[in-house]
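Take a look at the letters that make up each chain.
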Amino acid sequence: QVQLAESGGGLVQAWGSLRLSCAASGRPLSGHTIGWFRQAPGKEREFVACGRWIGGNTLYADSVKGRFTISRDNAKNTVYLQMNSLKPEDTAVYYCEATNRLYSPVTADYDYWGQGTQVTVSS
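Conventions we followed
Within every chain, residues take consecutive numbers counted from 1 along the sequence as written. Thresholds applied to this predicted model are a pLDDT of at least 70 for local features of residues and 80 or more for the giving and counting of side-chain atom pairs; totals over whole chains, interfaces and linings are not thresholded and use all residues. Remark: hydrogens and water are excluded; side-chain values derive from all non-hydrogen atoms of the structure. Think of it this way: any DSSP run of H or I at least four residues long counts as a helix, any run of E at least two long counts as a strand, and we number them from the N terminus. Three exposure classes are used, based on accessible area relative to the maximum for each residue type with a 1.4 Å probe and protein chains only: buried under 20%, partly exposed in between, and exposed over 50%. Residue contacts are counted whenever heavy atoms from the two residues lie within 4.5 Å of one another. In this description, strands pair whenever DSSP reports at least two bridges between them. Only C-alpha atoms enter the line fits that serve as axes; for helices the fit covers just the stretch in contact. Angles between N-to-C directions range over 0 to 180 degrees.

Undergrad: How should I be thinking about the environment of Ser7 in this particular structure?
TA: Relative to the assigned elements, Ser7 resides in strand β1 (residues 3-7). Residue Ser7 is classed as partly exposed on the basis of its relative accessible area of 38%. Sequence spacing of Ser7 and Arg19 is 12 residues, and the spatial spacing of their C-alpha atoms is 8.7 Å. Those residues in contact with Ser7 that sit more than four places away from it in its chain are Arg19, Leu20, Ser21 and Thr117.

Written out as structure tokens, the structure is:
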């Protein structure tokens, strides 16, 4: 079992930055793909970014490419999502999820997820 806990959300003005953290416990994240997803009110959960723990390859949604960066800290068993140049349309609850599969932008392919952290971007 992997337990995930997101943090770092908050209220920020447009063009500002936030860094989200996803701390894992239960077992090391090596061998897993970690994905970030988000869900705005009344909308489906959508893919944001994912990265394979080993190898470091990443995949981003077109809407965040060039603005968001996924990274990890092996010693802390933590994954980060650095979000720059934030836009009001980035407002959502952000979730980190983990899977043994190789890169997937589909939330149904993930086996573990956290409670989410709210990101609100004001215009």
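Undergrad: I would appreciate a short explanation of the sheet that holds strand β7 (residues 68-73) in the present structure.
TA: Paired through backbone hydrogen bonds, the strands of a sheet run either parallel or antiparallel to each other. Read across the open sheet, the 4 strands follow the order β1-β3-β8-β7; overall the sheet is antiparallel. Because the sheet does not close on itself, it has two edges, and the strands there are β1 and β7. Geometrically, the sheet is characterised by an average inter-axis angle of 20 degrees between neighbouring strands, direction not taken into account. Here β7 runs beside strand β8 (residues 78-83); their pairing, made up of 6 bridges, is antiparallel. Within β8, the residue paired with Ile70 across the bridge is Leu81.

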